[in-house]
Amino acid sequence: MPRTLIRNAAWAVVWNGRHEYRRDVDLLLEGGKVAAIAAHDPAAPPPPRMR
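A brief report on the enclosed structure follows. (Residues numbered from 1 in each chain as written. Predicted model: local features only at pLDDT ≥ 70, side-chain atom pairs only at ≥ 80, totals over all residues. Heavy atoms only, no water.)

Turning our attention to the sheet that holds strand β2 (residues 19–30). The strand order β1-β2-β3 describes an open sheet built from 3 strands, whose pairing is antiparallel. Either end of the sheet is taken by a strand with one partner, and the two such strands are β1 (3–15) and β3 (33–39). Shown here is a sheet whose adjacent strand axes are inclined to one another by a mean of 40 degrees, direction ignored. In the sheet, β1 pairs with β2 via 10 bridges, with the strands oriented antiparallel. Paired with Ala 12 across the bridge in β2 is Arg 22. (Pairing = 2+ DSSP bridges. Helix = DSSP H or I, 4+ residues; strand = E, 2+ residues; numbered from the N terminus. Axes fitted to C-alpha atoms, helices over the stretch in contact; angles between N-to-C directions.)

Next up, the structure:
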C-alpha cells in the first residue's frame, strides 16, 4: 500500500468528532487515507510505519 509522509504541514483540517484546524503537524497517508497525525518535532524520526 503506498504511503506518503507530509512533515511540518503549516495547516491541516482534521476531524476529531468535529472539524478542527491544526498547525505544524506531520501527516502519514496510507492508501489515500490519513493513518496518523502528530505534532511536528524536527528531532523525531519518521513514524514506525515509514521505517
